[in-house]
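Geometric and topological summary
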Amino acid sequence: MAPAVPLPLLALLALLAPGLGGALPACDHPAHLWCSSWDVATACQAESLCSNLSRPAAAPVELSLFYESLCPACRWFLVQQVFTAWLLLPPETLNITLVPYGNAQVGAAPAAAVGAHPGTASPCSHQLVPQERNVSGKWQFECQHGPEECLGNMIEACLMHEAKNFSIYFPVIFCLESSTSPTKNLEACLQVYAPQLDRGRLAACVQGDTGAALMHHNAQLTEALDPPHQYVPWILINGKHTDELQAQAEASLLGLICRLYQ
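Below is a short write-up of the structure. (Residues numbered from 1 in each chain as written. Predicted model: local features only at pLDDT ≥ 70, side-chain atom pairs only at ≥ 80, totals over all residues. Heavy atoms only, no water.)

1. Quick word on the sheet that holds strand E1 (residues 61-67)
Read across the sheet, three strands follow the order E2-E1-E7 without closing on themselves; strand pairing throughout is mixed. Whereas interior strands pair on both sides, the edge strands pair on one side only; in this sheet they are strand E2 (94-100) and strand E7 (234-237). Within this sheet the neighbouring strands show an average axis-to-axis angle of 15°, counted without direction. Two elements, E1 and E7, share four bridges in a ladder whose sense is antiparallel. Residue pairing for E7: Leu 65 is matched across the bridge by Ile 235. The strands touched by helix H4 (residues 72-88) are E1, E2 and E7; relative to E1, the strand with the most contacts, the crossing angle is about 160°. (Pairing = 2+ DSSP bridges. Helix = DSSP H or I, 4+ residues; strand = E, 2+ residues; numbered from the N terminus. Axes fitted to C-alpha atoms, helices over the stretch in contact; angles between N-to-C directions. Contact = heavy atoms within 4.5 Å.)

2. Notes on the environment of Leu 236
With respect to the secondary-structure elements, Leu 236 resides in strand E7. Taking the C-alpha atoms as reference points, Leu 236 and Leu 65, separated by 171 residues in sequence, lie 6.6 Å from one another. Excluding anything up to four places from it in sequence, Leu 236 contacts Glu 62, Leu 63, Ser 64, Phe 66, Leu 225 and His 241.

3. A closer look at the packing of aromatic side chains
Under the definition given, this model contains eight aromatic pairs. Each member of the aromatic cluster is reached from another via a ring pair, and the members are Phe 83, Trp 86, Phe 166, Tyr 169, Phe 170 and Phe 174. (Phe/Tyr/Trp six-rings, centres within 6.5 Å; stacked < 30°, edge-to-face > 60°.)

4. Things to note about the pattern of salt bridges
In the structure shown here, the tally under the stated rule is four salt bridges. Two residues, Glu 177 and Arg 75, come together in a salt bridge whose shortest N-O distance is 3.4 Å. Of this pair, Glu 177 sits in helix H6 (residues 166-178) while Arg 75 sits in helix H4, and the two are 102 residues apart along the sequence. Under the relative-accessibility criterion, Glu 177 is labelled buried at 4%. (Salt bridge = Lys/Arg side-chain N within 4 Å of Asp/Glu carboxyl O. Buried < 20%, exposed > 50% of the residue type's maximum accessible area, 1.4 Å probe, protein only.)

5. A look at the packing of helix H5 (residues 147-163) against helix H9 (residues 209-223)
Relative to each other, H5 and H9 sit at 100°, their axes nearing to 9 Å. With respect to each other, H5 and H9 are oriented roughly perpendicular. Residue-level contacts link Asn 153, Met 154, Ala 157, Cys 158 and His 161 of H5 to Thr 210, Gly 211, Ala 212, Leu 214, Met 215 and Asn 218 of H9. Residue composition of the contact of H5 with H9, grouped by class: six nonpolar, five polar and no charged. (Parallel < 35°, antiparallel > 145°, perpendicular 65-115°, else oblique. Nonpolar A, V, L, I, M, F, W, Y, C, P; charged D, E, K, R; others polar.)

6. A short note on the side chain of Ser 69
Assignment of secondary structure puts Ser 69 in the loop between E1 and H4. Within polar-contact distance, the side chain of Ser 69 engages the backbone oxygen of Glu 149 at 3.1 Å. Not counting the four nearest positions on each side in its chain, Ser 69 is found in contact with Arg 75, Glu 149, Gly 152, Asn 153, Glu 156, Glu 177 and Pro 182. (Polar contact = N/O pair within 3.5 Å; in protein donor to acceptor, adjacent residues only side chain to side chain.)

7. Considering unusual backbone geometry
For the peptide bond that leads from Asp 226 to Pro 227, omega is 5°, which places it in the cis range. Counting through the fold element by element, Pro 227 comes out in the loop between H9 and strand E6 (231-232). The omega angle of the peptide bond from Val 232 to Pro 233 is 5°, so this bond is cis rather than trans. Counting through the fold element by element, Pro 233 comes out in the loop between E6 and E7. Non-glycine residue Gln 45 carries a positive phi angle of around 55°. For Gln 45, the position within the fold is in the loop between helix H3 (38-43) and E1. Positive phi values are uncommon outside glycine, yet Asn 238 reaches one of about 50°. By the secondary structure assignment, Asn 238 is in the loop between E7 and helix H10 (243-260).

8. A few points about the nonpolar core
In terms of nonpolar packing, the biggest core is built from 57 residues, with Leu 98 and Leu 159 touching the most fellow members. For Leu 98, the contacting residues outside a window of four places in its chain are Leu 65, Tyr 67, Met 160, Phe 166, Phe 170 and Ile 173. (Core = buried A, V, L, I, M, F, W, Y, C linked by side-chain atoms within 4.5 Å.)

Spelled out as structure tokens, the structure:
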């Protein structure tokens, strides 16, 4: 592709002032090649001269959310922060992974838990009690907020499995988590956001071995977290969790993504 700037002008720029070479230690290309690629233009500090080149797209920010279907703080974060960011941001800026599994709980949650956002419910604490067990070759689950939460987790895992496409299943999950009951409003949410999904296949997943296998996979993902999760929602940004990133995401996920996307 021909350079955007006339070759004589590039050559003249290359010869101006002996100090130019010292300012461009990474530029070992002749002036007529400065606009041959974005990497070369960047190395030679000639980006402003190369209007024929477009800046390479930045990598999307990776958000992983480990949550429970009935945890109040999880529901708030998913509905108010994650869904809003997904709606407002261009699709190339953000990849979202949802892992519905969470915690088991013995005893009361701490009075003041780390990670709570002002005005929201405290995060659901992690008490290091196993949630799943293999009984006669079949996985069985115990959830922090009881059997209904296990069902909600399973429904959402099966939605992801059956729909495949994030833009199809996420609005349904948003609808479930913003409703009065994530387990009792599935048909209504499907009718509005994903009427094309096969209800029979979805029911078979929830009630059968596929759903149990999906939940076991989510258990493995949750147990492999490093550092281990202490509560939910547990947020990873670009594969990393810190208290600072968690607090920034809960305060304004949209702002955090905009700062990180470059």
